[in-house]
Amino acid sequence: MKEQLIEFKTAKLAKEKGFDWPVRYYYQHNIEGKLITSDLEEELSNCNDTPNYPEWSRSTQSLLQKWLRKLHIDITVITNWLKDGKKIYYVGFSYLNKNNKIDIWFSKKSGNKIEYPTYEQALETALYEGLKII
């Protein structure tokens, strides 16, 4: 199974919030200003001059989740089995806020939890929302 890499908006926010752990993949703008993804190890091995270093780290979801956990934000993805055998996912996170532990669940205006069709989509949302609170 291949690790899921974070989306650009999550990578950009992670950098703003201080994520600086070394990663292999990253986002950057090419000469034309177009956003591209690159592999740092591949670039270093194919380059005779100084490589173009990354603008935004493209971490795996699990590495960014670990970094957030070090800042006391615990992310949870919950699986719910439907009667037809399909799975849907809910997300939430908890964090320490002034001596209180507060659980946050992403919800619609109706108060129902938002469902995600895949674990990775649920986790991506949780990572982005977790970054917003630090």
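Another point: the nonpolar core. Counting residues in hydrophobic clusters, the biggest one holds 24 residues, and the most contacted among them are Leu64, Leu68, Ile75, Leu127 and Leu131. For this core, the secondary structure elements donating two or more residues are α1 (8-16), α3 (61-70), β4 (73-81), β5 (87-97) and α4 (119-133). Of all the elements, α4 adds the most residues to this core, at five residues. Not counting the four nearest positions on each side in its chain, Leu131 is found in contact with Thr10, Leu13, Ala14, Lys17, Leu64, Trp67 and Leu68.

Together, Leu71, Ile133 and Ile134 give the surface a local cluster of nonpolar side chains, amounting to about 210 Å² of exposed area. Here Ile134 lies in the segment after α4.

Okay, the packing of aromatic side chains next. Following the criterion strictly, the structure yields five aromatic pairs and no others. Aromatic pair Phe8 and Trp56: ring centres 5.0 Å apart, planes at 90°, arrangement edge-to-face. In this pair, Phe8 is assigned in helix α1 and Trp56 in strand β3 (residues 56-57), connecting sequence segments 48 residues apart. A residue is classified by how much of its surface remains accessible, and Trp56, at 13% relative accessible area, is buried. On the basis of an interplanar angle of 90° and a centroid distance of 6.1 Å, the ring pair of Tyr89 and Tyr119 is categorised as edge-to-face. With Tyr89 in strand β5 and Tyr119 in helix α4, the pair connects residues that are 30 residues apart, well separated along the chain. The exposure class assigned to Tyr89 is buried, which follows from its relative accessible area of 9%. Ring-pair connections join several aromatic residues into one group, and the members of that group are Phe8, Tyr27 and Trp56. The ring of Tyr128 has Lys9 sitting right over it, with the charged end atom 4.5 Å from the ring centre.

Conventions used here
Residues numbered from 1 in each chain as written. Predicted model: local features only at pLDDT ≥ 70, side-chain atom pairs only at ≥ 80, totals over all residues. Heavy atoms only, no water. Core = buried A, V, L, I, M, F, W, Y, C linked by side-chain atoms within 4.5 Å. Buried < 20%, exposed > 50% of the residue type's maximum accessible area, 1.4 Å probe, protein only. Helix = DSSP H or I, 4+ residues; strand = E, 2+ residues; numbered from the N terminus. Contact = heavy atoms within 4.5 Å. Patch = residues over 30% accessible without salt bridge, like charges linked within 9 Å, V, L, I, M, F, W, Y side chains within 5 Å. Areas by Shrake-Rupley, 256 points an atom, 1.4 Å probe, with all protein chains shown as cover. Salt bridge = Lys/Arg side-chain N within 4 Å of Asp/Glu carboxyl O. Phe/Tyr/Trp six-rings, centres within 6.5 Å; stacked < 30°, edge-to-face > 60°. Lys NZ or Arg CZ within 6 Å of the ring centre and 35° of its normal.

Nothing here speaks to function; it is all geometry.
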